[in-house]
Amino acid sequence: MDVAASSQAAMFLVRMGPVAESFLWSALKDTAAGSRLAAIRVLQKIGTEDSISRLKPLTEDRFAGQLAREAISAIEAAGRKPVDPATLDAGADSGSTSE
């Protein structure tokens, strides 16, 4: 695993915020513990209530259990609401003005 690329990808997903959480859910089921841990770390920072049910099975994971429990607590404390990527307005932040 390329640690630098993985770190950059994680930072990008964190910057995207809750809209990126659904892209991480498949990594929670990855056979590689490093992939599960990386996804949990990002979800801990951006996850919404939609991620909690996906993190709960990992609380018994011997590699990721403690981090999964911490992520669930952080998500619950943050109270972030789910974001549907389909409802985002791509042009809203473009700064374009009509002349």
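Look a little higher up for the structure.
What about the packing of aromatic side chains?
In this description, a pair of aromatic rings is defined by centroid distance and the angle of the planes.
Consideration 1: Tallied over the full model, the rule gives zero aromatic pairs.
Consideration 2: Directly above the aromatic system of Trp 25 lies the positively charged group of Arg 54, at a separation of 3.6 Å from the ring centroid.

Some remarks on the nonpolar core
Consideration 1: Leu 24, Leu 28, Ile 40, Leu 43, Leu 55 and Leu 58 are the most contacted members of the largest nonpolar core, which has 21 residues in total.
Consideration 2: Elements supplying a minimum of two residues to this core: α2 (33-46), α3 (49-55) and α4 (65-78).
Consideration 3: For this core, the element with the highest residue contribution is α2, accounting for six residues.
Consideration 4: Not counting chain neighbours up to four residues away, the residues in contact with Ile 40 comprise Leu 28, Leu 55, Leu 58, Ala 64, Leu 67, Ala 68 and Ala 71.

Examining the pattern of salt bridges
Consideration 1: The final tally for this structure, using the stated rule, is two salt bridges.
Consideration 2: Between Asp 61 and Arg 36 there is a salt bridge, and its shortest N-O distance comes to 3.0 Å. With Asp 61 in the loop between α3 and α4 and Arg 36 in helix α2, the pair connects residues that are 25 residues apart, well separated along the chain. Each member of the pair, Asp 61 together with Arg 36, is buried.
Consideration 3: Linking Lys 81 and Glu 49 is a salt bridge whose minimum nitrogen-to-oxygen distance equals 3.4 Å. A residue pair is termed long-range when its members are at least 10 positions apart, and Lys 81 in the segment after α4 and Glu 49 in helix α3 qualify at 32 residues.
Consideration 4: Look at Glu 49 and you get partly exposed, because its relative accessible area is 43%.

Some details on the packing of α2 against α4
Consideration 1: Two elements in contact, α2 and α4, have axes separated by 8 Å at closest approach and are oriented at 20°. Classified by the interaxial angle, the pair formed by α2 and α4 is roughly parallel. As α2 runs across α4, the sense of the crossing is left-handed. On α4, the residues touching Leu 37, Ile 40, Arg 41, Leu 43 and Gln 44 of α2 are Leu 67, Ala 68, Glu 70, Ala 71, Ala 74 and Ile 75.
Consideration 2: Along the lines of polarity and charge, the residues of the contact of α2 with α4 split into eight nonpolar, one polar and two charged.

What counts and what doesn't
Residues numbered from 1 in each chain as written. Predicted model: local features only at pLDDT ≥ 70, side-chain atom pairs only at ≥ 80, totals over all residues. Heavy atoms only, no water. Phe/Tyr/Trp six-rings, centres within 6.5 Å; stacked < 30°, edge-to-face > 60°. Lys NZ or Arg CZ within 6 Å of the ring centre and 35° of its normal. Core = buried A, V, L, I, M, F, W, Y, C linked by side-chain atoms within 4.5 Å. Buried < 20%, exposed > 50% of the residue type's maximum accessible area, 1.4 Å probe, protein only. Helix = DSSP H or I, 4+ residues; strand = E, 2+ residues; numbered from the N terminus. Contact = heavy atoms within 4.5 Å. Salt bridge = Lys/Arg side-chain N within 4 Å of Asp/Glu carboxyl O. Axes fitted to C-alpha atoms, helices over the stretch in contact; angles between N-to-C directions. Parallel < 35°, antiparallel > 145°, perpendicular 65-115°, else oblique. Left-handed = near helix turned anticlockwise from the far one by under 90°. Nonpolar A, V, L, I, M, F, W, Y, C, P; charged D, E, K, R; others polar.

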